[in-house]
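Geometric and topological summary
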Amino acid sequence: MKKVLSMLLVLLMMCSAISAVAESANPVPIKVLILPKFEVGELAGDFPGEAQYYYEAYCQGGDEYEVKGGFADNKLYVKDGVALYVTGMGKVNTALSLNAVLTDERFDFSDAYIFSTGCAGSAYEYGVMGDVFVITAAVDYDLGHHADVRELPEGSVTTWFHDSGYDSSSYKIFNQDLMEKVYDLVKDVEISTTEKTRNFMAAAFDNAEWAVRDPKVLRGTTVSGDNYWKGSYDHANALLMTETYQCPDPFALTEMEDVALAVAAERLGMLDRFIVIRDSVNMDVFMNGASPESLWDPNFDESLASDDSVEAADIFATAMENNYKVGSVVINYRRKPWCRAA
(Lines give C-alpha, C1' and ligand atoms only; values in the text may rest on other atoms or scores of the structure.)
Protein backbone atom coordinates (compact mmCIF):
# COMPACT_ATOMS: atom_id res chain seq x y z
CA MET A 1 0.00 0.00 0.00
CA LYS A 2 2.83 2.39 0.88
CA LYS A 3 4.44 1.75 -2.49
CA VAL A 4 1.15 2.46 -4.27
CA LEU A 5 0.69 5.72 -2.36
CA SER A 6 4.27 6.74 -3.12
CA MET A 7 3.74 6.04 -6.82
CA LEU A 8 0.50 8.04 -6.82
CA LEU A 9 2.26 10.96 -5.15
CA VAL A 10 5.05 10.86 -7.74
CA LEU A 11 2.48 10.74 -10.56
CA LEU A 12 0.62 13.70 -9.11
CA MET A 13 3.84 15.70 -8.87
CA MET A 14 4.72 14.79 -12.45
CA CYS A 15 1.26 15.85 -13.66
CA SER A 16 1.61 19.17 -11.87
CA ALA A 17 5.03 19.75 -13.41
CA ILE A 18 3.78 18.82 -16.89
CA SER A 19 0.79 21.14 -16.45
CA ALA A 20 3.07 24.00 -15.39
CA VAL A 21 5.33 23.46 -18.40
CA ALA A 22 2.30 23.38 -20.71
CA GLU A 23 1.00 26.63 -19.22
CA SER A 24 4.37 28.27 -19.67
CA ALA A 25 4.63 27.04 -23.28
CA ASN A 26 1.17 28.40 -24.13
CA PRO A 27 0.76 31.61 -22.14
CA VAL A 28 -2.59 33.39 -22.16
CA PRO A 29 -2.44 36.41 -24.51
CA ILE A 30 -3.51 39.71 -22.90
CA LYS A 31 -4.55 42.77 -24.91
CA VAL A 32 -5.36 45.14 -22.03
CA LEU A 33 -4.29 45.00 -18.38
CA ILE A 34 -6.60 47.16 -16.25
CA LEU A 35 -5.10 48.42 -12.98
CA PRO A 36 -7.51 49.92 -10.43
CA LYS A 37 -5.98 50.57 -7.02
CA PHE A 38 -8.80 49.70 -4.61
CA GLU A 39 -12.39 48.57 -4.44
CA VAL A 40 -14.86 49.87 -1.85
CA GLY A 41 -16.71 46.61 -1.18
CA GLU A 42 -17.38 43.73 -3.54
CA LEU A 43 -16.17 43.66 -7.11
CA ALA A 44 -19.73 43.63 -8.40
CA GLY A 45 -23.21 44.71 -7.43
CA ASP A 46 -22.67 47.32 -4.71
CA PHE A 47 -21.27 50.85 -4.31
CA PRO A 48 -18.57 51.19 -6.99
CA GLY A 49 -14.91 51.69 -6.26
CA GLU A 50 -12.21 51.98 -8.90
CA ALA A 51 -12.55 48.39 -10.15
CA GLN A 52 -16.25 47.59 -10.18
CA TYR A 53 -17.48 49.01 -13.49
CA TYR A 54 -14.49 47.57 -15.36
CA TYR A 55 -14.73 44.18 -13.67
CA GLU A 56 -18.45 43.86 -14.41
CA ALA A 57 -17.99 44.87 -18.05
CA TYR A 58 -14.86 42.90 -18.95
CA CYS A 59 -13.83 40.22 -16.46
CA GLN A 60 -16.85 38.97 -14.52
CA GLY A 61 -17.34 35.26 -15.12
CA GLY A 62 -13.81 34.83 -16.48
CA ASP A 63 -10.81 33.00 -15.10
CA GLU A 64 -9.13 33.87 -11.79
CA TYR A 65 -5.44 33.48 -10.99
CA GLU A 66 -3.37 33.83 -7.86
CA VAL A 67 -0.28 35.97 -8.53
CA LYS A 68 2.92 35.24 -6.64
CA GLY A 69 4.34 38.44 -5.17
CA GLY A 70 1.15 40.38 -5.79
CA PHE A 71 -1.04 42.29 -3.34
CA ALA A 72 -2.36 40.08 -0.54
CA ASP A 73 -5.50 38.11 -1.45
CA ASN A 74 -6.04 39.91 -4.78
CA LYS A 75 -6.44 37.87 -7.95
CA LEU A 76 -5.82 38.49 -11.61
CA TYR A 77 -9.13 38.28 -13.47
CA VAL A 78 -8.93 37.38 -17.17
CA LYS A 79 -11.60 37.13 -19.83
CA ASP A 80 -11.38 37.39 -23.63
CA GLY A 81 -7.95 39.01 -23.63
CA VAL A 82 -8.73 41.61 -20.94
CA ALA A 83 -7.14 41.28 -17.49
CA LEU A 84 -7.83 43.22 -14.29
CA TYR A 85 -5.77 43.38 -11.13
CA VAL A 86 -6.45 45.53 -8.04
CA THR A 87 -2.93 46.67 -7.15
CA GLY A 88 -3.32 48.16 -3.68
CA MET A 89 -2.74 51.84 -2.96
CA GLY A 90 0.55 53.74 -2.88
CA LYS A 91 3.65 53.63 -5.05
CA VAL A 92 5.30 50.57 -3.48
CA ASN A 93 2.17 48.41 -3.65
CA THR A 94 1.38 49.32 -7.24
CA ALA A 95 4.91 48.94 -8.59
CA LEU A 96 5.36 45.52 -6.95
CA SER A 97 1.92 44.39 -8.09
CA LEU A 98 2.55 45.39 -11.69
CA ASN A 99 5.96 43.74 -11.72
CA ALA A 100 4.49 40.53 -10.30
CA VAL A 101 1.74 40.42 -12.92
CA LEU A 102 3.91 41.30 -15.93
CA THR A 103 6.60 38.74 -15.04
CA ASP A 104 4.12 35.89 -14.56
CA GLU A 105 5.03 33.44 -17.33
CA ARG A 106 1.47 32.11 -17.57
CA PHE A 107 0.52 35.25 -19.51
CA ASP A 108 1.72 36.88 -22.71
CA PHE A 109 1.88 40.68 -22.37
CA SER A 110 3.99 41.21 -25.49
CA ASP A 111 1.13 43.01 -27.23
CA ALA A 112 -0.66 44.33 -24.13
CA TYR A 113 -1.51 47.88 -23.18
CA ILE A 114 -1.31 48.79 -19.50
CA PHE A 115 -4.36 50.77 -18.45
CA SER A 116 -4.13 52.54 -15.07
CA THR A 117 -7.42 53.87 -13.74
CA GLY A 118 -8.63 55.48 -10.54
CA CYS A 119 -9.70 58.59 -8.69
CA ALA A 120 -7.62 61.66 -7.86
CA GLY A 121 -7.74 65.28 -6.73
CA SER A 122 -8.00 68.17 -9.20
CA ALA A 123 -5.65 71.12 -9.37
CA TYR A 124 -7.77 74.17 -8.58
CA GLU A 125 -8.24 76.64 -11.43
CA TYR A 126 -7.78 73.76 -13.87
CA GLY A 127 -10.15 70.92 -13.02
CA VAL A 128 -13.48 70.39 -11.27
CA MET A 129 -14.75 67.37 -9.38
CA GLY A 130 -16.18 64.93 -11.90
CA ASP A 131 -13.67 65.69 -14.67
CA VAL A 132 -11.87 62.80 -16.37
CA PHE A 133 -8.26 63.17 -17.52
CA VAL A 134 -6.05 61.55 -20.10
CA ILE A 135 -2.71 61.76 -18.28
CA THR A 136 0.28 62.53 -20.51
CA ALA A 137 3.04 62.61 -17.86
CA ALA A 138 3.53 61.60 -14.23
CA VAL A 139 5.74 63.25 -11.60
CA ASP A 140 6.93 61.87 -8.25
CA TYR A 141 5.92 64.30 -5.52
CA ASP A 142 8.30 62.72 -3.00
CA LEU A 143 11.62 62.64 -4.87
CA GLY A 144 13.74 65.74 -4.44
CA HIS A 145 13.94 67.79 -1.25
CA HIS A 146 11.06 69.12 0.86
CA ALA A 147 11.26 71.72 3.63
CA ASP A 148 8.67 72.92 6.11
CA VAL A 149 7.57 76.43 5.16
CA ARG A 150 8.37 77.53 8.72
CA GLU A 151 12.04 76.81 8.02
CA LEU A 152 12.13 78.95 4.84
CA PRO A 153 12.42 82.72 4.37
CA GLU A 154 9.22 84.65 5.03
CA GLY A 155 7.07 84.85 1.94
CA SER A 156 8.29 81.55 0.43
CA VAL A 157 5.67 80.00 -1.83
CA THR A 158 7.25 76.67 -2.77
CA THR A 159 8.87 74.21 -0.39
CA TRP A 160 10.27 71.66 -2.89
CA PHE A 161 13.78 71.65 -4.35
CA HIS A 162 14.75 69.71 -7.45
CA ASP A 163 17.54 67.10 -7.29
CA SER A 164 18.58 65.84 -10.73
CA GLY A 165 20.03 62.72 -9.13
CA TYR A 166 16.51 61.31 -9.00
CA ASP A 167 15.53 62.19 -12.57
CA SER A 168 15.67 58.60 -13.84
CA SER A 169 12.54 57.83 -11.83
CA SER A 170 11.18 61.16 -10.55
CA TYR A 171 9.10 61.78 -13.67
CA LYS A 172 7.96 59.97 -16.79
CA ILE A 173 6.73 61.48 -20.05
CA PHE A 174 4.36 59.05 -21.73
CA ASN A 175 4.16 58.10 -25.41
CA GLN A 176 2.76 61.36 -26.82
CA ASP A 177 1.62 59.83 -30.11
CA LEU A 178 -0.41 57.31 -28.15
CA MET A 179 -1.73 60.01 -25.79
CA GLU A 180 -2.89 62.05 -28.77
CA LYS A 181 -4.67 59.01 -30.18
CA VAL A 182 -6.35 58.24 -26.86
CA TYR A 183 -7.43 61.83 -26.29
CA ASP A 184 -8.91 62.09 -29.78
CA LEU A 185 -10.94 58.95 -29.04
CA VAL A 186 -12.44 60.22 -25.77
CA LYS A 187 -12.42 64.04 -25.77
CA ASP A 188 -16.10 64.32 -26.67
CA VAL A 189 -17.45 61.68 -24.27
CA GLU A 190 -20.27 63.22 -22.23
CA ILE A 191 -19.84 62.98 -18.47
CA SER A 192 -21.84 64.39 -15.56
CA THR A 193 -21.79 65.83 -12.05
CA THR A 194 -24.23 66.20 -9.15
CA GLU A 195 -26.12 69.31 -8.12
CA LYS A 196 -24.70 69.08 -4.61
CA THR A 197 -21.14 69.02 -5.95
CA ARG A 198 -21.83 71.86 -8.39
CA ASN A 199 -23.14 74.06 -5.54
CA PHE A 200 -20.17 73.11 -3.36
CA MET A 201 -17.72 74.18 -6.06
CA ALA A 202 -19.58 77.44 -6.66
CA ALA A 203 -19.48 78.33 -2.95
CA ALA A 204 -15.81 77.35 -2.59
CA PHE A 205 -14.58 79.48 -5.46
CA ASP A 206 -17.04 82.38 -5.44
CA ASN A 207 -18.81 81.26 -8.62
CA ALA A 208 -15.61 81.49 -10.66
CA GLU A 209 -16.25 80.53 -14.26
CA TRP A 210 -13.76 77.66 -14.18
CA ALA A 211 -15.32 76.20 -11.02
CA VAL A 212 -18.96 76.09 -12.14
CA ARG A 213 -18.49 74.63 -15.62
CA ASP A 214 -19.72 71.16 -16.57
CA PRO A 215 -17.18 68.36 -16.13
CA LYS A 216 -15.32 67.30 -19.25
CA VAL A 217 -12.47 65.16 -20.55
CA LEU A 218 -9.10 66.93 -20.40
CA ARG A 219 -5.38 66.24 -20.78
CA GLY A 220 -2.91 66.84 -17.98
CA THR A 221 0.03 65.87 -15.80
CA THR A 222 -0.44 63.97 -12.56
CA VAL A 223 1.71 64.32 -9.44
CA SER A 224 1.99 61.04 -7.49
CA GLY A 225 2.62 61.26 -3.76
CA ASP A 226 2.75 58.60 -1.07
CA ASN A 227 1.02 61.03 1.26
CA TYR A 228 -2.42 62.43 0.58
CA TRP A 229 -1.76 66.17 0.57
CA LYS A 230 -3.82 69.33 0.23
CA GLY A 231 -3.06 73.01 0.40
CA SER A 232 -1.73 76.01 -1.46
CA TYR A 233 1.96 75.34 -0.72
CA ASP A 234 1.87 71.84 -2.18
CA HIS A 235 -0.25 73.06 -5.08
CA ALA A 236 2.57 75.52 -5.83
CA ASN A 237 5.08 72.68 -5.47
CA ALA A 238 3.15 70.57 -7.98
CA LEU A 239 3.11 73.44 -10.47
CA LEU A 240 6.86 73.88 -10.00
CA MET A 241 7.54 70.15 -10.46
CA THR A 242 5.49 70.02 -13.65
CA GLU A 243 7.38 73.03 -15.03
CA THR A 244 10.80 71.75 -13.88
CA TYR A 245 10.35 68.42 -15.62
CA GLN A 246 8.97 70.13 -18.76
CA CYS A 247 5.82 68.04 -18.83
CA PRO A 248 3.77 68.45 -22.02
CA ASP A 249 0.51 69.38 -20.24
CA PRO A 250 -0.35 71.37 -17.10
CA PHE A 251 -0.54 69.97 -13.58
CA ALA A 252 -4.06 68.55 -13.45
CA LEU A 253 -4.31 65.89 -10.75
CA THR A 254 -2.66 64.49 -7.67
CA GLU A 255 -2.84 60.79 -6.80
CA MET A 256 -0.63 58.11 -5.25
CA GLU A 257 0.50 55.58 -7.86
CA ASP A 258 0.97 56.45 -11.53
CA VAL A 259 4.61 57.51 -11.61
CA ALA A 260 5.57 54.23 -9.91
CA LEU A 261 3.55 52.22 -12.43
CA ALA A 262 5.26 54.15 -15.24
CA VAL A 263 8.72 53.36 -13.84
CA ALA A 264 7.85 49.66 -13.53
CA ALA A 265 6.42 49.62 -17.05
CA GLU A 266 9.52 51.31 -18.45
CA ARG A 267 11.86 48.79 -16.83
CA LEU A 268 9.94 46.00 -18.53
CA GLY A 269 9.92 47.79 -21.88
CA MET A 270 6.24 48.76 -21.86
CA LEU A 271 6.14 52.49 -21.15
CA ASP A 272 5.19 53.15 -24.77
CA ARG A 273 1.95 51.20 -24.10
CA PHE A 274 1.04 52.82 -20.78
CA ILE A 275 -2.28 54.68 -20.55
CA VAL A 276 -3.72 56.51 -17.53
CA ILE A 277 -7.37 57.55 -17.21
CA ARG A 278 -8.15 59.30 -13.91
CA ASP A 279 -11.28 60.98 -12.56
CA SER A 280 -11.46 63.76 -9.98
CA VAL A 281 -13.34 63.24 -6.71
CA ASN A 282 -11.90 66.15 -4.71
CA MET A 283 -9.69 69.23 -5.01
CA ASP A 284 -6.07 69.86 -4.02
CA VAL A 285 -6.87 72.79 -1.70
CA PHE A 286 -9.04 73.23 1.41
CA MET A 287 -12.51 74.59 0.64
CA ASN A 288 -15.51 76.09 2.39
CA GLY A 289 -13.84 76.29 5.79
CA ALA A 290 -12.54 72.73 5.81
CA SER A 291 -9.38 72.00 7.81
CA PRO A 292 -7.03 69.00 7.90
CA GLU A 293 -8.76 67.79 11.06
CA SER A 294 -12.27 68.17 9.68
CA LEU A 295 -11.42 66.19 6.54
CA TRP A 296 -9.09 63.50 7.81
CA ASP A 297 -10.06 62.88 11.43
CA PRO A 298 -12.78 60.18 11.30
CA ASN A 299 -14.23 61.52 14.55
CA PHE A 300 -15.58 64.54 12.65
CA ASP A 301 -19.08 64.01 11.23
CA GLU A 302 -18.20 65.62 7.90
CA SER A 303 -14.80 63.96 7.39
CA LEU A 304 -13.93 62.37 4.06
CA ALA A 305 -14.75 59.04 5.70
CA SER A 306 -18.36 60.15 6.13
CA ASP A 307 -21.04 59.20 3.60
CA ASP A 308 -22.42 62.73 4.03
CA SER A 309 -19.21 64.43 2.95
CA VAL A 310 -19.76 66.65 -0.08
CA GLU A 311 -16.10 66.58 -0.98
CA ALA A 312 -15.40 63.12 -2.42
CA ALA A 313 -18.39 61.16 -1.09
CA ASP A 314 -21.13 62.91 -3.05
CA ILE A 315 -19.31 62.91 -6.38
CA PHE A 316 -17.53 59.58 -5.98
CA ALA A 317 -19.98 57.18 -7.64
CA THR A 318 -20.69 59.65 -10.44
CA ALA A 319 -16.98 60.15 -11.05
CA MET A 320 -16.42 56.39 -11.16
CA GLU A 321 -19.11 56.12 -13.82
CA ASN A 322 -17.54 59.03 -15.71
CA ASN A 323 -14.20 57.24 -15.62
CA TYR A 324 -15.74 54.07 -17.01
CA LYS A 325 -17.57 55.92 -19.79
CA VAL A 326 -14.23 57.31 -20.95
CA GLY A 327 -12.03 54.30 -20.23
CA SER A 328 -14.35 51.80 -21.89
CA VAL A 329 -13.99 53.68 -25.18
CA VAL A 330 -10.22 53.11 -25.00
CA ILE A 331 -10.50 49.45 -24.01
CA ASN A 332 -13.12 48.66 -26.65
CA TYR A 333 -10.95 50.27 -29.29
CA ARG A 334 -7.91 48.35 -28.08
CA ARG A 335 -9.78 45.11 -28.65
CA LYS A 336 -9.71 46.05 -32.34
CA PRO A 337 -6.39 46.21 -34.24
CA TRP A 338 -4.13 49.04 -32.99
CA CYS A 339 -1.17 50.56 -34.73
CA ARG A 340 1.69 49.98 -32.32
CA ALA A 341 3.15 53.43 -31.57
CA ALA A 342 6.92 53.78 -31.54
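Source: prediction; values computed, not measured.

**Considering helix 2 (residues 52-59)**
What helix 2 keeps buried is the set Gln-52, Tyr-54, Tyr-55, Tyr-58 and Cys-59. For helix 2, the angular spread of buried residues about the axis comes to 160 degrees, placing them on one side. Looking one or two residues past helix 2, Gly-61 carries a phi angle of roughly 85 degrees, positive in sign.

**Side note on the packing of aromatic side chains**
One pass over the structure, following the stated rule, counts 19 aromatic pairs. The ring of Tyr-183 has Arg-219 lying over it, and the distance from NZ or CZ to the ring centre is 5.7 Å.

**Here's the deal with unusual backbone geometry**
You will see that Glu-125, though not glycine, has its phi angle at about 75 degrees, which is positive. Position of Glu-125 among the secondary structure elements: in the loop between strand 7 (113-122) and strand 8 (132-140). Even without glycine at this site, Asn-288 takes up a positive phi of about 50 degrees. Mapped onto the fold, Asn-288 is located in the loop between strand 14 (274-283) and helix 9 (292-296).

**Thoughts on helix 5 (residues 176-186)**
For helix 5, the complete set of buried residues consists of Leu-178, Met-179, Val-182, Tyr-183 and Val-186. All buried residues of helix 5 project into a common sector of 130 degrees when viewed along the axis, lining one side.

**Here's the deal with the packing of helix 3 (residues 91-102) against helix 8 (residues 258-267)**
Running from amino to carboxyl end, helix 3 crosses helix 8 at an angle of 30 degrees, the nearest separation of the two axes being 8 Å. By the angle between their directions, the pair helix 3 and helix 8 is classed as roughly parallel. Read as a crossing pair, helix 3 and helix 8 show a hand that is right-handed. Residues Lys-91, Thr-94, Ala-95 and Leu-98 of helix 3 pack against Val-259, Ala-260, Leu-261, Ala-264 and Ala-265 of helix 8. For the contact of helix 3 with helix 8, a count of residues per class yields 7 nonpolar, 1 polar and 1 charged.

**Focus: the side chain of Thr-318**
In this structure, Thr-318 sits in helix 10 (residues 310-334). Beyond its immediate sequence surroundings of up to four residues, Thr-318 is in contact with Ser-192, Thr-193 and Thr-194.

What counts as what
Residues numbered from 1 in each chain as written. Predicted model: local features only at pLDDT ≥ 70, side-chain atom pairs only at ≥ 80, totals over all residues. Heavy atoms only, no water. Buried < 20%, exposed > 50% of the residue type's maximum accessible area, 1.4 Å probe, protein only. Helix = DSSP H or I, 4+ residues; strand = E, 2+ residues; numbered from the N terminus. Arc of directions from axis to C-beta. Phe/Tyr/Trp six-rings, centres within 6.5 Å; stacked < 30°, edge-to-face > 60°. Lys NZ or Arg CZ within 6 Å of the ring centre and 35° of its normal. Axes fitted to C-alpha atoms, helices over the stretch in contact; angles between N-to-C directions. Parallel < 35°, antiparallel > 145°, perpendicular 65-115°, else oblique. Left-handed = near helix turned anticlockwise from the far one by under 90°. Contact = heavy atoms within 4.5 Å. Nonpolar A, V, L, I, M, F, W, Y, C, P; charged D, E, K, R; others polar.

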